[in-house]
Amino acid sequence: MQHTAINEESNEEKTLLSLSIARITFLSFEEKKNLEKNLDSPAQLALMSIDDISKIIDRQIKSKLWNGNENLRLAKRAKRYCDAYGVKLLHNTDFCYPELLRQIADPPYLLFCRGNEKILAEKSLSIVGTRRLTPFGKKAAFSFSHDAVLNGCNVISGLANGADSFAHKGAVSAIFDRMEAGQELEGIGKTVAVLPSAIDNIVPSSNKVLASNILKTGGCIISEYEPGISTAAWHFVARNRIIAGLSPATVVIEAPPGSGALITADFALEYNRELMFHEAAVGEDAIKLSQTVKSQLEKDFAMGKVSKYKVENSLKKFLDAGAPIIKDYNDYCQCLAEEPGSRSNQSIQTMLFD
């Protein structure tokens, strides 16, 4: 009994140390790992000054936001919440931490998970796109995800309005249909929502019912942010790297220039993952929206309101780089089996951009 109690206390200390380190936003993933190797307890970290931390990671930190005791207090609060509501913590060295995500340049040091974390290691693809989907894009995101799940492939997206929502809805609809028909769910995929917010805060709030349905159908919701953390603008881009990092392939449904979905596409290429665009992205309505958005971005750039990257990050850039266009999930599977670069976009590019 005493041995068990000691082990439980040791695990509690380890978890609290992980939570304490994870919430230090001015450290990179590798710096957090280095700090962890040099610490024995969360109390030790709480007593350290910013200069002490700088010496361990071999980089002078200029941040004045560090307060060790306050950091420990908030870590304890986060742990109490996780314990009370069954939120699981996946440390980057844990068996259940997804290997594909571990391979990216700056993976989350810690993941907070609600639902079935085991599916994070299973067959998957990521689906992203604009919040301003055309009617064709809405049907495309829904049916693509629906068919993927029925084929045993998990669908990963970001729970945002638009493409993300319709992708998640397609997945849960396929599963609910099976459940209502009393059919076997063995071999059926699930869906994973990656939040830009704290694990206890569904963003946008209008998708709370959808989030609940994701959990009811055996999926999971993950975040790299502890309970109670406020959502910052940069969290959305950080979330996109996780969406791209979790899957071997990312499919973009529709995305006008400057879209966050195209940032996810950039991450996919950076991680050497497959990147494809649904034919909805080159539909007439989608192209009209892209042209309108591009004109406004060019005006904003001339006034110094947006970066050149945002103006130039467009569908054309990815088509020029050879990203294939696919029709549906079956075509996606066929494209995966083809030789890289075997699909030519030249005729489409000439029609759209010349």
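Residues numbered from 1 in each chain as written. Predicted model: local features only at pLDDT ≥ 70, side-chain atom pairs only at ≥ 80, totals over all residues. Heavy atoms only, no water.

Quick notes on the sheet that holds strand β4 (residues 154-157)
What the nine strands build is an open sheet, ordered β1-β2-β6-β5-β4-β3-β7-β8-β9; its pairing is mixed. For this open sheet the edge positions go to β1 (88-91) and β9 (325-326), each flanked by a neighbour on one side alone. Note: strand β2 (residues 110-115) against strand β6 (residues 220-223), four bridges, orientation antiparallel. Bridging across to β6, Arg114 finds its partner in Ile221. Against the sheet, helix α9 (residues 208-216) contacts β2, β5 (191-194) and β6, and its axis sits at roughly 115 degrees relative to β6. (Pairing = 2+ DSSP bridges. Helix = DSSP H or I, 4+ residues; strand = E, 2+ residues; numbered from the N terminus. Contact = heavy atoms within 4.5 Å. Axes fitted to C-alpha atoms, helices over the stretch in contact; angles between N-to-C directions.)

Some words on the packing of aromatic side chains
What the rule picks out here adds up to eight aromatic pairs. Ring centres 5.7 Å apart and planes at 40 degrees place the aromatic pair Phe277 and Phe318 in the tilted group. Taken together, the positions of Phe277 in strand β8 (residues 274-278) and Phe318 in helix α14 (residues 315-320) put the pair 41 residues apart, joining distant regions of the chain. Note on accessibility: Phe277 and Phe318 belong to one class, buried. What links up through ring pairs into an aromatic cluster is the set Phe144, Tyr329 and Tyr332. Seen from the ring of Phe166, Lys169 lies directly overhead, with NZ or CZ sitting 5.1 Å from the centre. (Phe/Tyr/Trp six-rings, centres within 6.5 Å; stacked < 30°, edge-to-face > 60°. Buried < 20%, exposed > 50% of the residue type's maximum accessible area, 1.4 Å probe, protein only. Lys NZ or Arg CZ within 6 Å of the ring centre and 35° of its normal.)

Topic: the confidence of the model for the chain
Of all residues in the chain, 94% attain a pLDDT of 70 or more, and the chain-wide mean is 93. Predicted confidence for residues 2-6 stays below pLDDT 50, and this span has zero contacts to residues more than four positions away or in other chains. (pLDDT = per-residue confidence, 0-100.)

Description of helix α5 (residues 68-85)
With 18 residues, α5 should cover 26 Å at 1.5 Å per step; its first-to-last C-alpha distance of 26 Å lies within 8% of that length. Gly68, Asn71, Leu72, Leu74, Ala75, Ala78, Lys79 and Cys82 are the residues of α5 that are buried. Along the long axis of α5, the arc covered by the buried residues comes to 165 degrees, so they all point the same way. Facing away from the buried side of α5 by over 90 degrees, the exposed positions are Asn69, Arg80, Ala84 and Tyr85. Capping of α5 at its N-terminal end is provided by Asn67; its side-chain oxygen lies 3.3 Å from the backbone amide nitrogen of Asn69. Once α5 ends, the next one or two residues include Gly86, with phi positive near 70 degrees. (Expected span 1.5 Å × (residues − 1). Arc of directions from axis to C-beta. Polar contact = N/O pair within 3.5 Å; in protein donor to acceptor, adjacent residues only side chain to side chain.)

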